[in-house]
Each structure stands twice: as C-alpha cells, then as structure tokens.
Amino acid sequence: MTFPSLDPLGDGKSMVALIDSMGNSLSVVNDARQSFAAESAEWTERDGKLLRYLAKHHHTSPFRGVVFKWSVKAPLFIARQWWKHTVASTFVDDQLGWNEKSFRYCSAEDAEFYCPSVFYQQSEDNRQAAGKPLSEAETDYTDLAQQYYCAALYAATEAYEGLLLAGVCKEQARAILPSALYTSFVWTCSLQALFHFISLRIGHGAQGEIVAYAKALLELGRPVAPEAFAAFEANNYQF
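Every value quoted in this text rests on a predicted model; they were computed, and no experiment measured them.

**Some points on the overall build of the protein**
- Each helix and strand counted, the protein has 8 helices and 7 strands in total.
- Residues classed as buried in the protein amount to 42% of the 239 residues present.
- Long-range pairs, those at least 24 residues apart, make up 69% of the contacts in the protein between residues at least 6 apart in sequence.
- Summed over its atoms, the accessible surface of the protein is roughly 13500 Å², and 52% of this surface lies on carbon and sulfur atoms.
- The positive charge centre, built from 20 side chains, and the negative charge centre, built from 27, are 7 Å apart in the protein.

Set out below in structure tokens:
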C-alpha cells in the first residue's frame with residue numbers, strides 16, 4: 001500500500017509517511033460540544049468559529065479526538081530529540097505511541113548515514129544553535145569538515161563490521177555507531193500532540209533538520225483536518 005510521504009532532508013534516505021488517521025475537524029468541535037450534549041452532523045461556519053476559538057484560547061483537549069499514525073525514517077540524533085519530546089509530553093496527552101527499529105536485533109551492516117549538504121558555524125548568540133554556513137567564514141573549511149565527517153562514518157562502520165566478524169553480539173557492537181545513523185520508527189499521536197510538536201520544532205533556534213521534519217508533518221497532516229490546521233496557523237503556530 002502506498003501512503004503519502006515526503007523526504008524532509010532531500011537526501012533520498014529520510015522519510016515521513018502518514019500511514020493512518022482517525023477523525024477530522026468535525027470530531028474536534030463535536031468533542032468540545034459534549035459538555036452540552038450536542039453535536040454537528042456536517043461542517044458549517046458555526047463549527048469553524050468554535051474551532052478558531054478553541055485554538056486561540058488554547059482549549060486543546062478536544063483536539064485529542066483526531067489521531068495520526070506516522071512512519072518516520074530519520075538520523076538517530078533527530079529520533080532522540082523526537083523521543084525526548086514524546087516522553088516529556090506524555091503527562092499531557094496519553095495518546096502517544098513509539099515503536100522503533102532496534103539495532104539489538106537488526107544488523108547495521110547495510111547502515112545508511114545522514115551527511116549534511118551544508119555545514120554551519122556555531123551561532124554567536126545561541127550556544128545550542130547553528131549560525132551562518134561554514135562557507136561564509138573568513139576561512140572556508142567546508143571541504144575539510146566533509147573529509148572529517150566522512151572519515152568518522154567510515155571508521156565507525158568498519159569497526160562495527162569488524163566486531164561482528166569477531167563474534168561480538170549486535171547489542172554490544174551497536175554502541176559505537178554514530179548518531180548520524182538512520183533509524184526508523186512509528187509514532188502515534190493526537191492532533192493536540194502533533195500541534196505541540198510542530199509549535200516547538202519550527203520555532204526559532206530549533207535544529208534545521210528537525211524543522212524539516214516538522215514542516216513535513218504539517219504538510220502531510222493538513223488534508224486530514226484542514227480547518228483545524230488553518231486555525232493553528234492563524235494562531236501563529238502556538239499551541
């Protein structure tokens with residue numbers, strides 16, 4: 001079966017696919033109206049007004065009635081950021097699921113790695129963020145950076161394969177694999193959790209690679225509940 005998907009990093013390896021969903025914008029407003037034992041059978045402007053009110057005033061629990069199931073392929077350093085967000089959000093929204101590929105069971109001998117198309121300098125005013133492209137530095141060391149990066153990936157791969165040949169088990173050999181290694185996982189979340197994730201990951205200071213994944217989620221999720229996504233955007237992606 002073919003699912004709508006995108007290649008966020010544009011390297012032919014990364015992937016986000018929407019593999020299932022439940023509910024739509026009408027589900028959100030009908031859940032909100034349960035306090036009055038009322039519901040709408042079809043979408044009207046009255047529903048749109050209520051939806052926009054919910055988004056603007058951060059009455060977000062009715063957005064849990066829409067659920068998404070995503071298949072994601074991403075570098076480990078992105079997956080770990082994503083996982084950290086999922087764990088931190090669980091106390092707010094229990095509709096969060098995470099099932100990831102395990103290199104305890106799967107061999108990484110045919111591993112794929114993420115290689116940046118652009119290297120960046122460290123930001124001068126943000127200790128955790130990237131600044132200008134390395135190519136714009138007073139001395140351009142982009143080629144040298146590329147050489148170091150690729151050499152490290154090659155050395156780690158060669159060492160990993162050597163450990164397996166020596167009889168070392170996969171669960172120990174995997175410890176030397178770099179965070180540029182691609183992994184894959186299935187993420188189940190509510191619309192509330194999705195909006196919260198996007199709010200944080202397209203904001204100022206977010207790492208460029210995870211911004212690309214957040215934008216892919218935004219594009220692929222929109223057709224499921226377009227009115228809700230429009231209200232989210234009108235609220236400047238704050239949720």
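Right, picking up where we left off after that structure.
**Quick word on the packing of aromatic side chains**
- Here the structure, examined in full by the defined rule, presents 14 aromatic pairs.
- A centroid spacing of 4.0 Å and a plane angle of 15° characterise the contact between Phe-195 and Phe-232, whose relative ring orientation is stacked. One end of the pair, Phe-195, is in helix 6 (residues 191-201); the other, Phe-232, is in helix 8 (residues 226-234), and 37 residues separate them in sequence.
- Site record: aromatic cluster; members linked through ring pairs are Trp-82, Trp-83, Trp-98, Phe-185, Trp-187, Phe-197 and Tyr-213.
- A cation sits over an aromatic face here: Lys-73 above Tyr-182, 5.6 Å from the ring centre.

**Quick word on a nonpolar patch on the surface**
- Among the surface-exposed residues, Tyr-141, Leu-144 and Tyr-148 lie close enough to one another that they form a single nonpolar patch of about 360 Å² accessible area.
- Its location among the elements puts Tyr-141 in the loop between strand 6 (130-133) and helix 4 (142-165).

**Structural notes on the packing of helix 1 (residues 25-32) against helix 2 (residues 45-56)**
- Relative orientation of the contacting elements helix 1 and helix 2 amounts to 75°, with a least axis distance of 10 Å. With respect to their mutual orientation, helix 1 and helix 2 come out roughly perpendicular. Here helix 1 contributes Ser-25, Leu-26, Val-28, Val-29 and Ala-32 to the contact with helix 2, which in turn contributes Asp-47, Leu-50, Leu-51 and Leu-54.

**Observations concerning the nonpolar core**
- Counting residues in hydrophobic clusters, the biggest one holds 47 residues, and the most contacted among them are Phe-63, Phe-68, Trp-70, Trp-82, Trp-187, Leu-191 and Leu-194.
- Considering every element that reaches this core, the biggest residue donor is helix 7 (residues 208-221), with 8 residues.
- Beyond its immediate chain neighbours, meaning those up to four positions away, Leu-191 contacts Val-28, Phe-63, Val-66, Phe-68, Ala-225, Ala-228 and Phe-229.
- Formed by 11 residues, the second largest nonpolar core is a distinct cluster that contains Phe-103, Phe-113, Leu-153 and Ala-180.

Parameters at a glance
Residues numbered from 1 in each chain as written. Predicted model: local features only at pLDDT ≥ 70, side-chain atom pairs only at ≥ 80, totals over all residues. Heavy atoms only, no water. Helix = DSSP H or I, 4+ residues; strand = E, 2+ residues; numbered from the N terminus. Buried < 20%, exposed > 50% of the residue type's maximum accessible area, 1.4 Å probe, protein only. Contact = heavy atoms within 4.5 Å. Areas by Shrake-Rupley, 256 points an atom, 1.4 Å probe, with all protein chains shown as cover. Lys, Arg positive; Asp, Glu negative; His and termini not counted. Charge placed at Lys NZ, Arg CZ, Asp CG, Glu CD. Phe/Tyr/Trp six-rings, centres within 6.5 Å; stacked < 30°, edge-to-face > 60°. Lys NZ or Arg CZ within 6 Å of the ring centre and 35° of its normal. Patch = residues over 30% accessible without salt bridge, like charges linked within 9 Å, V, L, I, M, F, W, Y side chains within 5 Å. Salt bridge = Lys/Arg side-chain N within 4 Å of Asp/Glu carboxyl O. Axes fitted to C-alpha atoms, helices over the stretch in contact; angles between N-to-C directions. Parallel < 35°, antiparallel > 145°, perpendicular 65-115°, else oblique. Core = buried A, V, L, I, M, F, W, Y, C linked by side-chain atoms within 4.5 Å.

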